[in-house]
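Below are the chains, spelled out letter by letter.
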Amino acid sequence: MLKNVFLISLFLIFSCKENKSTFKVQETFEENLEPYRPQFHFTPSEKWMNDPNGLVYHQGLYHLFYQYYPDDIVWGPMHWGHATSKDMLYWDRKPIALYPDKNGYIFSGSAVIDINNTSGFGSKETPALVAIFTYHDMDGEKAGRTDFQTQGIAYSLDNGESFNVYEANPVIKNNGIKDFRDPKVFWDDKTENWNMLLVAGDHLQIWQSKNLKDWQKVSEFGRNQGAHGGVWECPDLFPLKITETEEEKWVLLISINPGAPNGGSGTQYFVGDFDGTTFTSSQKEEKWLDWGTDNYAGVTYNNAPGNKRIFLGWMSNWAYARDTPTEKWRSAMTIPRELSLTKTRGVYELVNYPLEGLQKELQEVKDVNVASNSKYTLAGFAINQSEIVFKTAERDFILHFTNPKGERLKLSLNKKENMMVLDRSQSGKVAFQKDFASIQKMPIANLPEGEIEFKILIDWSSIEIFVNKGQYVMTAQIFPNENYNSVIIENTLDESINFKEFKISKVESIW
Ligand code: FRU
């Protein structure tokens, strides 16, 4: 509360200031005490983190559990780390929630609130928060067995402060599927069933239960649909109404590793229907929630207020997650994003766009005209902790984010190819893994005509690009050796190009 009053006052002070003359805030790289530590994205205070787990809202708190190894900055025996937030912007880091036990490591999964006390773990007055996860039995794997992944549950009666592991675990055994994991559970009011989505190598399985303990498989999806360049992981399924027409469709998220369009791991989605037992989709083409290299294993919150679909992803890629140049901790979550569904020219598209609310200090806002075959430089800004927003009807331009060391991150829009291209090959440290410097491409063929918004969030080791309010999105890690302090807009056309309200704001630290 006090923190909020303080932040609101800060915001009022900053928004009353005259913008241009007061933007003297120059953040140098050294001022960022731990190099690359994100200032407005969630990170554990130390050690290794991967997937977000157990995303659920209960009694005023958004829970973020996550894959966590508390002894090293590389992947190891998995625990569930834990953090909570009242607003999805500011986080409280909490003690570890779940530890490996006799059934194995605690792999990814979800959490639900058992309002009707179907499990008997709580009561109607104090419903249990039930975590559903995969057990990974390392000994079984080493012994060459195929049944080493099973599903287990644990419950909390104090809103996630402490957990009791269910004594009769596992609740789902494995009859020989090597990759059988990542349970996402949700309650269906219509059928009064708990539904569990499980991935099984190359397809999705749906299981049902009345009490979270006894489960039966009811359907399968996807052996021959979508991308199959790697193993399916971290499923999620939820209804969304098309913004313009109120038509309801169900969206299935499936992470895949490898097989993403720009290499390594990525998240695909299917738009279809769910009849209470089976998901079907006529979708032929592959669809991607995010085209950048660094948004993986993302899932959405159960029970979020206002029926919102809020998504968080792990901002890394299995291709190099263990090699990134941080020392105390490894990797961050994406900015929380609200998901929505649109239908443009007959094509369903899943839109993801950051939640509003971060405190910002305006550094610059101006209309920009870039003459033909020339460059326009906006210099002297702290870029590594910023939001850049502009509107334009142009579809061909290049943005270079540069620093005094001569490093540059290059973002281009190419009209002829209908492509957005992110080139981080000269952006800073890139040599720690052979593919990190590769060029990332995103087809943007279905953009509407006319003026659209571009929103770019840059933190100390990431860039998130939202085109047309999240119709097309790219997320990527970056490791510059100094703060970027200029944005150079390059025009290679024979006519001038225009940007309306090109706005650079510093984003306040959430820590
Ligand atoms: C996805 C994933 C999951 C698994 C977890 C293990 O990144 O591979 O499938 O449960 O990470 O940490």
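Refer to the preceding data block for the structure.
Quick caveat: nothing in here was measured; it's all calculated off a predicted structure. (Residues numbered from 1 in each chain as written. Predicted model: local features only at pLDDT ≥ 70, side-chain atom pairs only at ≥ 80, totals over all residues. Heavy atoms only, no water.)

Can you walk me through the packing of aromatic side chains in this structure?
How two aromatic rings sit relative to each other is given by the distance of their centres and the angle of their planes. Inspection of every chain in the model, using the stated rule, returns 39 aromatic pairs. Ring centres of Phe121 and Tyr155 lie 4.1 Å apart, and the angle between their planes is 5°; this geometry places the pair in the stacked category. Of this pair, Phe121 sits in the loop between β5 (105-113) and β6 (129-136) while Tyr155 is found in strand β7 (residues 149-156), placing the two residues 34 residues apart along the sequence. No difference in accessibility class separates Phe121 from Tyr155, as the two residues are buried. Residues Tyr353 and Phe466 carry aromatic rings whose centres are separated by 6.1 Å and whose planes lie at 85° to one another, so their mutual orientation is edge-to-face. In this pair, Tyr353 is assigned in strand β21 (residues 347-354) and Phe466 in strand β30 (residues 462-467), connecting sequence segments 113 residues apart. Among the aromatic residues, ring-to-ring pairing joins Tyr36, Tyr320, Phe432, Phe436 and Phe479 into one connected group. In this structure, Arg37 is placed above the aromatic ring of Trp329, and the distance from its NZ or CZ to the ring centre is 4.1 Å. We note Arg424 situated over the ring of Phe436; from NZ or CZ to the ring centre the distance is 3.6 Å. (Phe/Tyr/Trp six-rings, centres within 6.5 Å; stacked < 30°, edge-to-face > 60°. Helix = DSSP H or I, 4+ residues; strand = E, 2+ residues; numbered from the N terminus. Buried < 20%, exposed > 50% of the residue type's maximum accessible area, 1.4 Å probe, protein only. Lys NZ or Arg CZ within 6 Å of the ring centre and 35° of its normal.)

Just checking my understanding: could you explain the site of the ligand for this structure?
Around the ligand, the neighbouring residues are Asn50, Asp51, Gln67, Trp75, Met78, Phe107, Ser108, Arg181, Asp182, Glu233, Tyr296 and Trp318. For the ligand, an oxygen atom lies 2.7 Å from a polar atom in the side chain of Asp51. A distance of 2.9 Å is found between an oxygen atom of the ligand and a side-chain nitrogen or oxygen belonging to Trp75. Protein chains bury 96% of the 320 Å² of accessible surface belonging to the ligand in isolation. Mapped by element, the contributors of at least two residues to the shell around the ligand are β1 (47-58), β5 and β9 (180-188). For the shell around the ligand, a count of residues per class yields 5 nonpolar, 3 polar and 4 charged. (Near = heavy atom within 4 Å. Polar contact = N/O pair within 3.5 Å; in protein donor to acceptor, adjacent residues only side chain to side chain. Areas by Shrake-Rupley, 256 points an atom, 1.4 Å probe, with all protein chains shown as cover. Nonpolar A, V, L, I, M, F, W, Y, C, P; charged D, E, K, R; others polar.)

Can you walk me through the pattern of salt bridges in this structure?
Pairing of side chains with opposite charge becomes possible as their charged atoms draw close. One pass over the structure, following the stated rule, counts 26 salt bridges. Of the charged contacts, one joins Arg337 and Glu464 as a salt bridge, the two residues approaching to 2.7 Å between their closest N and O atoms. Of this pair, Arg337 sits in strand β20 (residues 337-344) while Glu464 sits in strand β30; the two residues are 127 residues apart in sequence, bridging distant segments of the chain. Taking the relative accessible area as the measure of exposure, Arg337 reaches 0% and is therefore buried. Here Lys455 ties to Glu356 by a salt bridge, and the two come within 3.0 Å at their closest N and O atoms. Taken together, the positions of Lys455 in strand β29 (residues 452-459) and Glu356 in the loop between β21 and β22 (360-370) put the pair 99 residues apart, joining distant regions of the chain. Salt bridges sharing partners connect three or more residues here, namely Lys178, Asp179, Arg181, Asp182 and Glu233. (Salt bridge = Lys/Arg side-chain N within 4 Å of Asp/Glu carboxyl O.)

Quick question: what am I supposed to make of the environment of Asn164 here?
Tracing the sequence through the fold places Asn164 in strand β8 (residues 164-165). Residue Asn164 is classed as partly exposed on the basis of its relative accessible area, which comes to 36%. Taking the C-alpha atoms as reference, Asn164 lies 9.9 Å from Ala97; in sequence the two are 67 residues apart. Residues in contact with Asn164, not counting those within four places in the same chain, are Ala154 and Tyr155. (Contact = heavy atoms within 4.5 Å.)

Teacher, can you tell me more about the pairing of β7 here?
Looking along a regular strand, one sees the side chains alternate between the two faces of the sheet. Of all 8 residues in β7, 8 are buried, a share of seventy percent or more. Burial of the side chains of β7 extends over both faces: Gln149, Gln151, Ile153 and Tyr155 are buried on one face and Thr150, Gly152, Ala154 and Ser156 on the other. Here 8 bridges tie β6 to β7, and the two strands are oriented antiparallel to one another. Within β7, the residue paired with Ala131 across the bridge is Ala154. Bridging between β7 and β8 involves 2 bridges; their strand directions are antiparallel. Counted as the bridge partner of Ala154 is Val165 from β8. (Pairing = 2+ DSSP bridges.)

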